[in-house]
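Coordinate analysis (summary)
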Amino acid sequence: MVYLPPRTMTTFLKISVAMLGASLLTSSPAYAQDPFDDFPLVISCEYKDTYHAFYLSRVTKDGTATYSASDRIAGTITLDGKAKAVGGSDGGTCVGKTLKELRASGQAHDVKS
């Protein structure tokens, strides 16, 4: 282990944090202010004769949004891709639709200010 005096350690930490912040800003894809702003908060789908509310749970660095519902079912979608079921191909009335199609059909629900 290397000992650094407190003043040197403080300077080192400040530089490290600044470099980390700069790398995060330059390495992420172009999102709106917040990556969650690009996706609806809820997507509603009919699956096995039941209506489910799929809630936005995460957005990865590559722009893939994951939605989850009760009964341990989930799906993914990208800004320019189609909805896919996680863990299977049968995902009800959302699978294969784009965000534009989900919004047009009234299945995508955004937060209203």
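Look above for the structure.
This write-up is about the structure you can find in this document. Bear in mind that the values here come from a model prediction, so they are computed numbers and not experimental data.

Before going further, it helps to examine the overall build of the protein. The secondary structure content of the protein amounts to 2 helices and 6 strands. Burial status across the protein gives 25% buried among its 113 residues. Taking the contacts inside the protein whose residues are at least 6 apart along the sequence as the reference set, 35% of them involve residues at least 24 apart. Here the protein displays about 8,300 Å² of accessible surface, and carbon together with sulfur accounts for 60% of that area.

Let us now look at the pattern of salt bridges. Summed over all chains, the structure comprises 1 salt bridge. A salt bridge links R103 to D110, with the nearest nitrogen and oxygen atoms 3.3 Å apart.

For the structure on display, the rule yields 1 disulfide. Through a disulfide, C45 is tied to C94; the S-S separation comes to 1.6 Å. What sets the handedness of the C45 and C94 disulfide is the S-S torsion sign, and at about -95 degrees it is left-handed. Placement of the pair is C45 in strand β1 (residues 42-47) and C94 in the loop between β5 (84-85) and α2 (99-104), with a sequence separation of 49 residues. On the basis of relative accessibility, which here comes to 4%, the residue C45 falls in the buried class.

Rules and cut-offs
- Residues numbered from 1 in each chain as written.
- Predicted model: local features only at pLDDT ≥ 70, side-chain atom pairs only at ≥ 80, totals over all residues.
- Heavy atoms only, no water.
- Helix = DSSP H or I, 4+ residues; strand = E, 2+ residues; numbered from the N terminus.
- Buried < 20%, exposed > 50% of the residue type's maximum accessible area, 1.4 Å probe, protein only.
- Contact = heavy atoms within 4.5 Å.
- Areas by Shrake-Rupley, 256 points an atom, 1.4 Å probe, with all protein chains shown as cover.
- Salt bridge = Lys/Arg side-chain N within 4 Å of Asp/Glu carboxyl O.
- Disulfide = S-S within 2.5 Å.

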